[in-house]
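Remarks on the overall topology
Residue strings, one per chain:
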Amino acid sequence: MRTSRRSFVAGGIAASALVGLPRIARGAAPRVVVVGGGFGGGTAAKYVKRLMPEAEVTLVERDRQFVTCPFSNYVIGGIEKMQTITHGYDKIAKRGIKVVHDEAVGVDANAKKVTLKGGASLAYDRLVLAPGIDFVWDAVPGYSEAAAEIMPHAWKAGPQTLLLRKQLEAMRDGGTVIIVAPANPFRCPPGPYERAGMIAWYLKNHKPKSKILIFDPKDTFSKQALFFESYENLYPGMIQWISGKQGGKVTRVDPKAMTVEAEFGEEKGDVINFIPPQRAGKIAQLAGVTDEKGWCPIDPKTMESTKVKGIYVVGDASIAGAMPKSGTSANSQARNAAAALVASLRGQEPPEPSYANTCYSIVAPGYGFSVTAMYAATPEGIKEIAGGVSRLKAPAKDRDLEAAYAYDWYRGIMYDALG
Amino acid sequence: MPDPREAENVKGVTIPLALMATLAAGSALAAPTAETIARNCVVCHGPKEAGQLEIPKIANYPARKMVEMLTGFRAGQKEATIMDRIAKALTDEQIQALAAYFANQ
Ligand SMILES: Cc1cc2nc3c(=O)[nH]c(=O)nc-3n(C[C@H](O)[C@H](O)[C@H](O)COP(=O)(O)OP(=O)(O)OC[C@H]3O[C@@H](n4cnc5c(N)ncnc54)[C@H](O)[C@@H]3O)c2cc1C
């Protein structure tokens with residue numbers, strides 16, 4: 001038995017969890033596989049290893065480098081470089097985590113094996129899936145993966161980020177930028193509106209006759225009053241938001257003609273940033289942990305899939321109650337999942353989780369604001385305990401401080417997830 | 001790092017998880033440990049390796065001052081851009097436990 005003497009103290013409650021672990025019970029090191037090396041997966045791998053150094057932790061990540069969506073809007077706005085948002089896996093590999101750069105293409109939950117595109121397969125005792133999102137390419141007629149080369153989404157950071165930036169640089173002064181925002185739920189609820197601010201920052205300084213239209217199927221969005229206040233203060237008249245009620249829902253796009261057809265009518269854009277609807281990354285579907293809408297229901301206390309035992313789903317792919325799909329949420333979910341997973345390997349009850357989210361938005365250098373909350377697990381799901389958004393009409397000093405604090409948040413989360 | 005199998009109670013005395021679990025089973029006393037909550041704090045406040053420049057460090061922070069700051073933030077009596085909103089999610093017990101935790105980092 002690997003389990004320590006102390007865990008037997010808790011054994012009265014947890015004894016049933018010891019059943020079904022013959023391999024570990026024989027004394028072998030528990031094997032934990034994590035798929036996806038982003039905010040959720042990086043953090044999960046790191047914390048499993050930290051809480052259970054004897055575990056063999058393998059992180060499977062398709063790409064050699066992780067380019068973060070957080071701060072990618074600042075690259076698009078021209079105030080940051082790709083280098084700032086590009087991170088390697090060397091630091092977490094040094095922590096004793098085996099990093100495998102390959103794509104997971106299948107999960108056999110009965111045999112407890114993950115198969116990789118390269119042909120290998122990985123056996124696990126516990127699996128963490130943190131694949132982030134995939135796009136539903138065909139939700140709007142005219143859009144497709146190929147169309148994304150003309151109307152970039154830039155909702156996974158990397159070449160798409162640069163493509164959108166280059167298109168803005170090439171645009172004439174007096175051009176129209178169209179941002180098509182998705183319906184809920186989607187990755188980073190304030191993201192499209194922060195992006196509008198950042199694009200406006202670039203246009204105001206380089207192409208001041210231009211305008212930005214945001215087409216939206218929604219009637220409200222995250223930090224809305226703060227965004228409107230900032231647009232008014234910084235970019236009066238430049239950004240127009242067309243809500244669902246006003247016919248902002250997009251029904252068709254034409255990448256050749258560079259047009260967007262919405263319920264209220266058709267508009268031509270010089271640059272069109274189309275953000276498609278989303279679902280959990282495909283490996284979640286292959287593993288059988290998604291629901292009919294394409295997202296993953298989880299146990300609010302542990303982040304373990306309610307569909308398949310032994311698989312934990314963290315980050316954007318999960319349905320985490322009141323928590324928005326953010327890097328901070330993914331990071332927080334992953335830490336709590338790691339603790340629950342390790343407890344289950346030790347035959348113990350999961351500890352009570354504590355979840356948190358913060359999303360800073362910067363709409364111009366020195367102009368930031370935030371939404372933050374802490375959350376608890378309840379039998380009805382993950383619920384907000386308290387939180388809120390920055391004050392409206394706050395002094396310029398506060399906006400300036402929050403822009404600086406956003407950078408510290410970024411340093412902190414990158415350290416916690418991949419450092 | 002404290003043993004993750006133990007939970008810290010309000011006075012910073014550790015009580016075995018078995019007891020916590022028993023308490024949690026039938027009551028509203030289910031509570032995350034100070035360490036579990038604190039992991040959310042260090043995303044912004046950092047260990048120093050993370051390299052934060054502006055957000056104040058809270059490792060080895062005097063416990064009495066932390067209680068004063070957090071209760072002040074919570075009551076809206078201390079100047080804050082964000083801590084007022086975060087502190088509203090903390091109970092008195094959690095503030096005490098966090099103060100004890102950070103005092104020993
Ligand atoms: C423009 C924009 C701005 C944002 N700003 C913020 C912000 O300021 N703050 C914030 O908190 N959040 C922000 N977000 C949201 C944040 O990016 C996501 O919520 C976060 O990345 C989710 O983490 P995750 O671990 O679920 O997925 P990801 O971070 O996307 O990681 C998933 C990883 O899994 C890999 N992967 C997927 N499938 C496989 C497979 N089958 N095999 C191997 N590897 C695989 C991918 O390559 C990827 O590296 C922003 C998002 C956008 C689009």
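For the structure given in this document, a descriptive report is provided here. (Residues numbered from 1 in each chain as written. Chains lettered and ligands numbered in written order. Predicted model: local features only at pLDDT ≥ 70, side-chain atom pairs only at ≥ 80, totals over all residues. Heavy atoms only, no water.)

With that settled, the discussion passes to the site of the ligand. Residue and element names in this part refer to chain A. By nearness alone, 37 residues border the ligand, and G40, E61, R187, D316 and G327 come closest of all. R62 has a polar backbone atom sitting 3.2 Å from a nitrogen atom of the ligand. Take D316: an N or O atom from its side chain is 2.7 Å from an oxygen atom of the ligand. Taken together, the elements giving at least two residues each to the shell around the ligand come down to α4 (39–51), β2 (56–61), α5 (72–76), α11 (327–345) and β22 (355–364). In terms of residue class, the shell around the ligand is made up of 16 nonpolar, twelve polar and nine charged. (Near = heavy atom within 4 Å. Polar contact = N/O pair within 3.5 Å; in protein donor to acceptor, adjacent residues only side chain to side chain. Helix = DSSP H or I, 4+ residues; strand = E, 2+ residues; numbered from the N terminus. Nonpolar A, V, L, I, M, F, W, Y, C, P; charged D, E, K, R; others polar.)

All names here are of chain A. Helix α9 (residues 224–234) packs onto helix α8 (residues 191–206) with a crossing angle of 5° between their chain directions and a minimal axis gap of 10 Å. Judged on the interaxial angle alone, α9 and α8 are roughly parallel. For the pair formed by α8 and α9, the contact residues are Y193, E194, A196, G197 and K204 on the first element and F227, Y231 and L234 on the second. Its residues placed into classes, the contact of α8 with α9 shows five nonpolar, one polar and two charged. (Axes fitted to C-alpha atoms, helices over the stretch in contact; angles between N-to-C directions. Parallel < 35°, antiparallel > 145°, perpendicular 65-115°, else oblique. Contact = heavy atoms within 4.5 Å.)

Residue and element names in this part refer to chain A. Scanning all chains against the criterion turns up 20 aromatic pairs over all chains. Ring centres of F71 and Y74 lie 4.7 Å apart, and the angle between their planes is 55°; this geometry places the pair in the tilted category. On the accessibility criterion, F71 (4% relative accessible area) is buried. According to the relative accessible area criterion, Y74 is buried, its value standing at 1%. Both rings, one in F227 and one in Y231, keep their centres 6.2 Å apart while their planes meet at 45°; by these two values the pair is tilted. (Phe/Tyr/Trp six-rings, centres within 6.5 Å; stacked < 30°, edge-to-face > 60°. Buried < 20%, exposed > 50% of the residue type's maximum accessible area, 1.4 Å probe, protein only.)

Right, let's talk about helix α2 (residues 34–45) of chain B for a bit. A rise of 1.5 Å per residue sets the reference length of α2 of chain B, with its twelve residues, at 16 Å; its end C-alpha atoms lie 15 Å apart and thus fit the reference within 8%. Three or more residues of α2 of chain B are buried, namely A34, E35, T36, I37, A38, R39, N40, V42, V43, C44 and H45 of chain B. (Expected span 1.5 Å × (residues − 1).)

Residues and elements named next belong to chain A. Judged by which residues are buried, strand β7 (residues 113–116) turns out to be one-sided: V114 and L116 face inward and are buried, whereas K113 and T115, on the alternate face, are not. Here four bridges tie strand β6 (residues 104–108) to β7, and the two strands are oriented antiparallel to one another. Within the sheet, the bridge partner assigned to A104 lies in β7 and is L116. Connecting β6 to the antiparallel partner β7 that follows it, the hairpin turn spans four residues, and K112 within it adopts a positive phi of roughly 55°. Looking at chain direction, β7 and strand β8 (residues 121–123) are connected through three bridges and run antiparallel. Bridge pairing in β8 links K113 to A123. Here β7 folds back onto β8 in antiparallel fashion, the turn holding four residues, of which G119 has a positive phi close to 110°. (Pairing = 2+ DSSP bridges.)

What follows covers the sheet that holds strand β20 (residues 311–313) of chain A. Residues and elements named next belong to chain A. The strand order across the open sheet built from five strands is β5-β2-β1-β9-β20, with neighbouring strands paired in parallel fashion. Among the strands making up the open sheet, the edge pair consists of β5 (98–101) and β20. In this sheet, adjacent strand axes meet at a mean angle of 20° when their direction is disregarded. When strand β9 (residues 126–129) meets β20, the two strands line up parallel, connected through three bridges. When the sheet's bridge partners are listed, L129 is paired in β20 with V313. Against the sheet, α4 engages β1 (31–35), β2 and β9, with an angle of about 170° to β2.

On to unusual backbone geometry, then. Where the residue is not glycine, phi is negative for most of them; where a peptide bond is considered, it is trans in most cases. Residue and element names in this part refer to chain A. Residue P185 is bonded to the preceding N184 through a cis peptide linkage, with omega at -5°. Positive phi outside glycine occurs at K112, with the angle close to 55°. You can see K112 is positioned in the loop between β6 and β7. Residue K112 is classed as partly exposed on the basis of its relative accessible area of 26%.

So, on to helix α3 (residues 63–74) of chain B. Residues and elements named next belong to chain B. Its twelve residues place the ends of α3 16 Å apart at the C-alpha level, agreeing with the 16 Å of an ideal helix rising 1.5 Å per residue. Of all the residues in α3, the buried ones are M66, V67, L70, G72 and F73. Buried positions along α3 lie against α4 (83–87) and α5 (92–103). Just past α3, the residue G76 takes up positive phi, approximately 75°.

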